[in-house]
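Structure at a glance
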Amino acid sequence: MSLVSEEFPDEVPLRAEEITIPADVTPERVPTHIVDYSEAEQSDEQLYQEISKANVICIVYSVNNKKSIEKVTSHWIPLINDRTDKDSRVPLILVGNKSDLVEHSSMETILPIMNQYSEIETCVECSAKNLKNISELFYYAQKAVLHPTGPLYCPEEKEMKPSCIKALTRIFKISDLDNDGVLNDNELNFFQRTCFNMPLAPQALEDVKNVVRRNMTDGVKDNGLTLKGFLFLHTLFIQRGRHETTWTVLRRFGYDDDLELTQEYLFPLLKIPPDCTTELNHNAYLFLQSVFDKHDKDRDCALSPDELKDLFKVFPYMPWGPDVNNTVCTNEQGWITYQGYLSQWTLTTYLDVQRCLEYLGYLGYSIIHEQESQAAAITVTRNKRIDLQKKQTQRSVFRCNVLGARGSGKSGFLQAFLGRNVTRQKKIRDDHKSYYAISTTYVYGQEKYLLLHEVLPVFEFLSEADLACDVVCLVYDISNPRSFEYCAKAYKKYFMDSKTPCMMIAAKSDLHEVRQHYSLSPLDFCRRHKLHPPQQFTCNSADAPSKDIYTKLTTMAMYPENGGATKCDDEHVTLICCFSYVCVCLHSHVKFRCMCSCNRCTFCICQNLLNCELLRTVRAKFCSAVLNRLGPWVDEVGAYLLADEETSLIHQVHEVTFVEDSIYMESSVDPFVPRHMTQTDLKNSTFWLRASVGATVFAVLGFAMYKALLKQR
């Protein structure tokens, strides 16, 4: 009543009515309901009901009445504890009232009681008549609920509890951005801004470090705060009654009242529509890169077992098992490389985005990058059907399901993607085997992730997850006559009518090929169903297996509307042999900024085509035939053209034209079927003259475009 009216009432009733203090007049901005209890008016049953609803209980005694003080331990605390669970005790505040009637303090009597019962948060003496410490009393009551001492500190041992030390240690490691074991001034200021929205002044920083120096020898190192110094500061805050400081830090880093990371912090809301996938965005990769650099102490671009263990110290458990080393790229020692590290994160995001959010929460992504939650690190791709309609995609992760009979070489195919030949694969333990493999490939100069998933060979029970992918890889063993049958049946049952592109892999191509026990040979089967011819594959080599076949798979996944048949992804490439095509190819090369010599991209194919030995031979024979037919006039024109600097380009155009003719001839069913030019036309010199002049003009224009584009590049 004194709190509300700010004056002592002349007549005090046995029990006051319930009072509500609005949130806007309290320091913590929390509404507070105050319920009075009178033993003279109310029964024990009514008291029990009130206890069950209470967040905090103030036990009021009279400082000038010894029996009142004794009743605290003999009656009230046992009564309250009998009605509450041991693990969820309600915090208690001991309030010594009528301090205006005595000159001495009752604290000497109360402190032993406080040390005896851990549920007692604090004790305070007040005077309702003089309004002494009345507001403070209810502030402490609020604080006992919002910032309890119990989970943080053990008064008997005068030190923080293990759960609190564990939480603060994780916070220290996250805040130690360079992982040198100390918080320098920049890291302390970042920590201060993160938790309290304001930096510390330079003098304040020095004062903090001086306090630590005076109390312990190893609390400050290299002018930075060590973990021991960090923990000492929080112990000091708690002992001086500033629990709110420690709780503010803990809650900013995602902890609840039980010092466990909250579900809201670890698993923020993220909506994923059907037929959409999840990927990490650019900021997430930058964060993961900084985490890798932070723990790669020897700078060898790989994480040793000790470095990996140090990285995951902020986790409550070890998230990566030994199978991860067989899922991503490793170095010769079997340590996860930088590329393998990012690949594993990409895999987790694609397959289980909730787990990825949890892991990012443990690492403190939202705190370091100052985001609302880890959901800001995730990109949800658009519906796959829209990609098919627009015939383009912005996705960077593509899934390939690998199917095949048992023993066909599926596991070897996955491990070869990680650069492991048969010799290295034999060292993999069965219990460390992985059914996934992920790494990067390059398609037209763009880095993409290809995720391979080995599907168990249970033909009748393939689930939707086994069929949901961007490209299918059907593997058979060329040395096993019954291996191809599984691939053929799987294709006809599950993929023949789908829009998912498929590729046949003729595995173990280093062995002797036998005839497959199927009605059609693998090549005829592929022709009938308009598939790419079976791709020869082996990982039984001294060097790391080639990645060409994986680039083809990624290209097929990116362009499923064409079945993956793009300009440079097939052995039997059909070339549109005209100079304008070369110019378009060069333009595409400039557009993608491809500075490679990979022999796979469009630019490299065109360059190799124009410089190959075959076309040089064709050029010589072609020139000889033309000169023989056209006689002296052509000799004069030829001499003039040979003197010109464009001559080589003309020859190249002629060569390309001849390659087109030869390809056409080879692909014809009957080579003797008449072509679009008659024999009379072939003997007509006028025709050859027109053709030569037209080719010359066309070549000069094309060469000018080539020069312009090359200069732009």
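One structure accompanies this document, and this report is about it. Predicted model, so just to flag it, every value in this text is computed and none were measured. (Residues numbered from 1 in each chain as written. Predicted model: local features only at pLDDT ≥ 70, side-chain atom pairs only at ≥ 80, totals over all residues. Heavy atoms only, no water.)

1. Quick notes on the sheet that holds strand 9 (residues 220-221)
- The three strands are arranged 8-10-9 in an open sheet whose pairing can be described as antiparallel. Each having just a single partner strand, strand 8 (182-183) and strand 9 make up the two edges of the open sheet.
- Relative to strand 10 (residues 224-226), strand 8 runs antiparallel, the two sharing two bridges. In the sheet register, Val182 faces strand 10, and the bridge partner there is Thr226.
- Against the sheet, helix 9 (residues 227-239) touches strand 8 and strand 10, its axis set at about 80° to strand 10. (Pairing = 2+ DSSP bridges. Helix = DSSP H or I, 4+ residues; strand = E, 2+ residues; numbered from the N terminus. Contact = heavy atoms within 4.5 Å. Axes fitted to C-alpha atoms, helices over the stretch in contact; angles between N-to-C directions.)

2. Some words on the packing of helix 5 (residues 134-146) against helix 10 (residues 243-252)
- At a minimum axis separation of 10 Å, helix 5 and helix 10 run at an interaxial angle of 35°. For helix 5 against helix 10, the interelement crossing comes out left-handed. Taken together, the residues of helix 10 that come into contact with helix 5 (itself represented by Tyr139, Lys143 and Leu146) are His243, Glu244, Trp247 and Arg251.
- When the residues that make up the contact of helix 5 with helix 10 are grouped by side-chain class, the tally is three nonpolar, one polar and three charged. (Left-handed = near helix turned anticlockwise from the far one by under 90°. Nonpolar A, V, L, I, M, F, W, Y, C, P; charged D, E, K, R; others polar.)

3. Observations regarding helix 15 (residues 353-363)
- The buried fraction of helix 15 amounts to nine of the eleven residues, a majority that puts the element mostly inside the structure.
- If you check which residues of helix 15 are buried, you get Val353, Cys356, Leu357, Glu358, Tyr359, Leu360, Gly361, Tyr362 and Leu363.
- Where helix 15 ends, the next residue or the one after it, Gly364, has phi of about 80°, a positive value. (Buried < 20%, exposed > 50% of the residue type's maximum accessible area, 1.4 Å probe, protein only.)

4. Brief notes about a nonpolar patch on the surface
- Where nonpolar side chains cluster on the molecular surface, the patch consists of Tyr435, Leu456, Val458 and Phe461 and spans about 410 Å² of accessible area.
- Of note, Tyr435 is situated in the loop between helix 19 (422-425) and strand 16 (436-443).
- The exposure class assigned to Tyr435 is partly exposed, which follows from its relative accessible area of 36%. (Patch = residues over 30% accessible without salt bridge, like charges linked within 9 Å, V, L, I, M, F, W, Y side chains within 5 Å. Areas by Shrake-Rupley, 256 points an atom, 1.4 Å probe, with all protein chains shown as cover. Salt bridge = Lys/Arg side-chain N within 4 Å of Asp/Glu carboxyl O.)

5. Regarding a negative patch on the surface
- Taken together, Glu6, Glu7, Asp10 and Glu11 make up a surface patch of like negative charges.
- Looking at the secondary structure, you find Glu6 in the loop between helix 1 (2-5) and strand 1 (19-21). (Lys, Arg positive; Asp, Glu negative; His and termini not counted. Charge placed at Lys NZ, Arg CZ, Asp CG, Glu CD.)

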